[in-house]
Every structure is written in C-alpha cells, then in structure tokens.
Amino acid sequence: MHSLQTETLSMPMEQQQQLNIEDGSKTQRAEWVLNSPEPPGLCHEIVSSIKSAVFPNGGKHSSSSTKQTRSTAAGVVSFLHGLFPILTWGRNYKATKFRNDLMAGLTLASLSIPQSIGYATLANLAPQYGLYTSVVPPLVYALMGSSREIAIGPVAVVSLLLSSMIQNVVDPVANAVAYRKLVLTVTFFAGTFQFIFGLFRLGFLVDFLSHAAIVGFMGGAAIVIGLQQLKGLLGISHFTTKTDVVSVLEAVFRSLHHQGRRNKKLFWLPAIAPLISVVLSTAIVFLTKADEHGVKIVKHIKRGLNPISAHELQFSGQHVGQAAKIGLVSAIVALTEAIAVGRSFASIRGYHLDGNKEMVAMGFMNIAGSLTSCYVATGSFSRTAVNFSAGCETVVSNIVMAIAVFLSLELLTRLLYFTPIAILASIILSALPGLIDIPEAYHIWKVTISFAKIILNSIRPSVEGLGKLPGTDIFCDINQYPMAIKTPGILIVRINSGLLCFANANFVRERIMKRVTEKDEEGKENSKERTQAVILDMSTVMNIDTSGICALQEVYNKLVSHNIHLAVANPRWQVIHKLKLAKVVDKIGKDWIFLSVGEAVDACSSKMVNFSSC
C-alpha cells in the first residue's frame, strides 16, 4: 500500500491535476443527484392533467398585451378543436366522403332500429327508450368523438348490466316509473364518471380490466342474454327476473313442463336482415291477427323526439348511493367496450385513438342522454363492424343513422305496433355470437399462469449481482453475461422492481443480505473477496414507500454492524426525494450517493484503499 501512495506522489503534475478534475467532476455529478428539485406533487399533476386535457396543444404566454390577446385567442381555439374534433376534420370534408357516410349511416340505421327496440326490452324499458338512445348520444359523439368508425347506441351487455343491477333496487314490473327514473339517474352518474376519468386522464383505470377479463365477461354476458331471450322466443308468460344461469334454465324447464364464410360485397345483407325480419313478421302478424291467438307483440311505441327528462333525475332519497355505484360500474364497462372496439378499428385504419378524449366525449354523450330520456350508450361491436364494412369515412355516418332513427320515431311507430316480441328476441340472439370469442378464450386459458407470474414478480422481484463487461464501463447481470468481471471487495446488486414497497420490501432486504452472506463465505478462502462495500443500483426503482425506506434502513444498519459500507447509485427522482425527507441520505452519508454504478465503484475502491492505509 505504501508503494501505491509513493506511485501516486511520483505522478507528473499534469496527471495529478487531471485526476483532481475528474474527482471534482464526480463530486459535482453526485451533487446533481442530491440537489435535484422536488418532484411535482399530486396537486400539480392534477392541474397539469386538466390543462393537457383542456388545452391539448399547450400555449405560451407573452409579455406583450397584443401577443397575450392572440395567445388567449389561440388557446380558446385550441380548446375548441380539442373538445370538438369535428372542427378539425370538418374543414376537409368532401362530397365523396358524404356519399360513403350516407350509405353507411342508412345501412347502420336498418340494423340499429330493431336492435335498439330489442335492447330496450332487455333493459326492462319501453321500446322507445332504445330508439331515443340511438338519436341524441350519436349526435353528441359525432361532435366530440375522435373515432371514425364506432357506432354509438344501446348495447346488449350494458342493457343486461343495468337490468340485473337496478331491478335489485326497484322492481321494474311493480313500479315502472321509479325504475325508469333510476335508470336515467344511473345514466347521469355514468356520464359524470366517464367525463371525470377523461378530464383527469384516468384512462389507466380501464386498462385494469385485462383482455382476458373482457373476453370472459363478454362471453358470459352473451350466454346470459341468450338465455333471457328464451322468454320472448318461446312465448313464456311467467319468467324469472334473475339473470343467473340456474334461475333462467329452471324457469325455462318449469314453463316447458307446464307448457359460413361472408362475401364482403354482400355486407349489407346481414345488416338489413333484422329490419327485413321485423317488416315481414310485423306484416304477417297484422294480416293474420296472430296477436289474438297468443303471439305477444310490442304494442304501443310513443311517437316523437326524445322528451326532456331532467326533472326525472333523482339526486336525493334512499337510492342515490346505489345509483352512483351502479353508474360507476356501468361507466367502466361501457368505456371498456367502446375503447376496445374503437382502438381495434383505428389500428386497421392506421390512426391513434386517445382514450382520455374518448372518455370525455362518452361522458358528455351520456350526460346529455340522461337529460333527454336515454339510458347508457356506448360503442357497439356488431354495429361498428357493419359501419366499417359499409365504407364509412367519418362519424357523419352516426349523424345519418340518428336522423333515420328520428324519422322512424316520427313516422313508423304505429307500424311497429304489431312487431312480435319473438322476432326482437331472435335479433338479440343473432348479435350474440360475435360477443363469444372461443379461439381467444382458448388462447387465454393457455396463458392464465401469466397473471400469477406478474403478481409473483411484483412481490418477489429479482435482486441481481452485477459485474463490469470487459473493455466497457457497463455493469450487467453476471448470470446473463458470465464474462462480466466482479469487483473485488465490492458487491453490486440491482433491484429489478419499479416499486419498492410493503409488498416486496422484506423480500428485497432478505435477498440483499443473503448475497452479502454468500460473498462473505467466498471471502473466507480469499481475504480480497471479503465484502467491504455494497452498491445498490436503484435505476429501475421508480418509487418507494415507507416500508421500502425502512427496509433500506435495516439493510444499512446490518451492513454497518459488519463494517460494510452502503452506497446508492442512480436513485430516481421520487426515490431520492423521499430518502432525503426520511433523513436516510443523512444517515448513509451524502458521500455515498452516486449518479452511476461506475462512479460508485471508483469511489468505493478509492475509499477502501484509504481505509486500508490508515
């Protein structure tokens, strides 16, 4: 060691100055880590989220009053363009696009009219409420939505969801008016939640519903909906209001005991088939007077445009809390379906769909719908596929469809009086196979273990030993790169977890100490291998909670008791901020916080030399 000091003293002056400059640079870089500004707090992030949602293109203020006025005007224009995408693409809208949208909208209406009536009965509402929901929400979405292909209106899954949850609160048969008011109130809450999700950029909440959960939910809902339609299809008078499979099958058996490939050019054929079925069956019932012989029919459908329903919303009383809960569930399920179908067709057309903007549009759409006698609307898988196949160019096809449905409310309600319930049930059944994705369910079954692996990796993250790759300054996992060189006397470990928290803190602490013990066992045979310093590479740890901080403190205390120094390399913004607040940095020592693993190794090696010379 004396020879090392002599060698250092005998260095040329220029070389010593260079070393001093490098040491000063390393010290300065360590100060960058310690003196980084405080990360933005929760309030700041919320305000930034709202600003980015309201003013997507941002905006810079100017000192000049004229420029400030222009900046304000530009901000207003940016806000309007962000809120109403139709202002952006509408300027380039051409007659050729309208021709395609017109054909797609009329084709869409031919499918939407009978489906809307059927879905309203599925939701235990009068038939006209399904038609109402195919008028106002599509118009609002056309102004605010960004998907070009999605078809807005009532859907089977949400209709069943509302029916199954609300009938537990209010009986739709015994008190139809109270039931309808609660449905409208739930719709208002659903729209409010959707708007809030989009405003605060909480699109990640929808992502919590995994693809597997969506496939399973849609398939299960399709089966339950199909069983429910046996009532109308078989003409059963006394049927259960429950939605579970056992109750429905029991009601069916009890009632019975007591009683190819598609041609793309012919896309319009399956699309207009439901309308043709309704027309023919209605005509047959009318001509044969089958309603007098036991065939159940729709009967009266209220004529005219959506009546205002703001006075029917209930924000006081015993059911408000339950309405809010049902509204939250409905909002998430409706958003999941809409964003899933919207993104699917957006990827085909090669453009990006902003989930947060879609949430804002869906929220406004359903809030407006609740005020105009509509229930929860969203994007429909089957109708969107028809809209896409029909060659739609923009959401103008939704406007055309809404106008067509409105005209049917004005002109065709009397003709629908004799429409048989059985044909509506069959229309709903015909739309269900598209909700059941058997190949995808089989694929998910084969990878169900992935969810368990994710949880396991979260609570038991790997703690890797690192070594330096020859000829580089890169430190990598010694298991992945066997040629990596270990540094004598220094144990370098990396915590492979984005969050050091209560779920994994104890495991990480134990793994670190186990590696120290293993290295000390090696050091018994070779004194140079005895651990004198441990470097924690925290570059992958994005955040830390109190349990994680306590675990680091325990690691530090145990290492100190064994005369081992602890160094922390490349702590991220939130991590170093919380370590400073918890006084952990003061406890470890500011000299033991480094910007990179390489600098930590150099500093530890230098300090080990100084300690051994003392």
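Residues numbered from 1 in each chain as written. Predicted model: local features only at pLDDT ≥ 70, side-chain atom pairs only at ≥ 80, totals over all residues. Heavy atoms only, no water.

**Observations concerning helix α24 (residues 546-561)**
The periodicity of an α-helix, 3.6 residues per turn, causes residues three or four places apart in sequence to face the same way. Here α24 spans 23 Å end to end across 16 residues, near enough to the 22 Å set by a 1.5 Å rise per residue. When α24 is considered as a whole, its buried residues turn out to be Gly548, Ile549, Ala551, Leu552, Val555, Tyr556 and Leu559. The buried residues of α24 occupy an angular sector of 160 degrees when projected down its axis, which confines them to one face. Among the exposed residues of α24, those oriented more than 90 degrees off its buried face are Thr546 and Ser561. For α24, the N-terminal cap is aspartate 545; the gap from its side-chain oxygen to the backbone nitrogen of serine 547 is 3.2 Å. Asparagine 563 occupies a position one or two residues after α24 and carries a positive phi of about 60 degrees. (Helix = DSSP H or I, 4+ residues; strand = E, 2+ residues; numbered from the N terminus. Expected span 1.5 Å × (residues − 1). Buried < 20%, exposed > 50% of the residue type's maximum accessible area, 1.4 Å probe, protein only. Arc of directions from axis to C-beta. Polar contact = N/O pair within 3.5 Å; in protein donor to acceptor, adjacent residues only side chain to side chain.)

**Considering the pattern of salt bridges**
In the structure shown here, the tally under the stated rule is seven salt bridges. A salt bridge links arginine 509 to glutamate 510, with the nearest nitrogen and oxygen atoms 3.8 Å apart. Judged by relative accessible area, which is 48%, glutamate 510 ranks as partly exposed. Glutamate 554 is paired through a salt bridge with arginine 509; the nearest N and O atoms lie 2.9 Å apart. Taken together, the residues span a long stretch of sequence, with glutamate 554 in helix α24 and arginine 509 in helix α23 (residues 505-523) at a distance of 45 residues. Residue classification places glutamate 554 among the partly exposed positions, given a relative accessible area of 34%. By relative accessible area, arginine 509 is classed as buried at 13%. Counted as one network, the salt bridges with shared partners bring together Arg509, Glu510 and Glu554. (Salt bridge = Lys/Arg side-chain N within 4 Å of Asp/Glu carboxyl O.)

**Quick notes on the packing of aromatic side chains**
Per the counting criterion, the structure on display carries ten aromatic pairs. Arranged with centres 6.0 Å apart and planes meeting at 85 degrees, the rings of phenylalanine 189 and phenylalanine 315 form a pair that is edge-to-face. Grouping aromatic residues by their ring pairs yields a cluster made of Phe188, Phe189 and Phe315. One residue, arginine 148, lies across the ring of tyrosine 351, its end atom 4.0 Å from the ring centre. (Phe/Tyr/Trp six-rings, centres within 6.5 Å; stacked < 30°, edge-to-face > 60°. Lys NZ or Arg CZ within 6 Å of the ring centre and 35° of its normal.)

**What to know about the nonpolar core**
By size, the foremost hydrophobic cluster in this structure holds 66 residues, and its most contacted members are Tyr141, Leu162, Ile166 and Met362. Among the elements that make up this core, the one with the highest residue count is helix α16 (residues 320-349) (eleven residues). Setting aside anything within four residues of it in sequence, one finds leucine 162 in contact with Gln167, Tyr179, Val186, Ile326, Ser330, Tyr375 and Val376. In terms of nonpolar packing, the next biggest core, distinct from the first, is built from 47 residues, Ile495, Met513, Met538 and Leu559 among them. (Core = buried A, V, L, I, M, F, W, Y, C linked by side-chain atoms within 4.5 Å. Contact = heavy atoms within 4.5 Å.)

**Looking at the UniProt feature "transmembrane region" (unreviewed entry) in the protein chain**
When the UniProt feature table is mapped onto this chain numbering, "transmembrane region" (unreviewed entry) sits at residues 102-122, 150-170, 182-202, 208-227, 266-287, 359-378, 390-409 and 415-436. Between the C-alpha atoms that bound residues 102-122 there is a distance of 29 Å. The span itself is 100% helix and 0% strand. Helix makes up 52% of residues 150-170 and strand 10%, with an end-to-end C-alpha separation of 33 Å. (UniProt positions renumbered as here; feature names shortened; annotations may be inferred.)

**Some words on the side chain of serine 159**
Inspection of the secondary structure assignment puts serine 159 in helix α9 (residues 156-166). Here serine 159 falls in the buried class, since its relative accessible area comes to 0%. A polar contact is formed between the side chain of serine 159 and the backbone oxygen of valine 155, at a distance of 2.7 Å. What serine 159 contacts, discounting residues up to four positions off in sequence, is Tyr119, Leu122, Ala123 and Tyr375.

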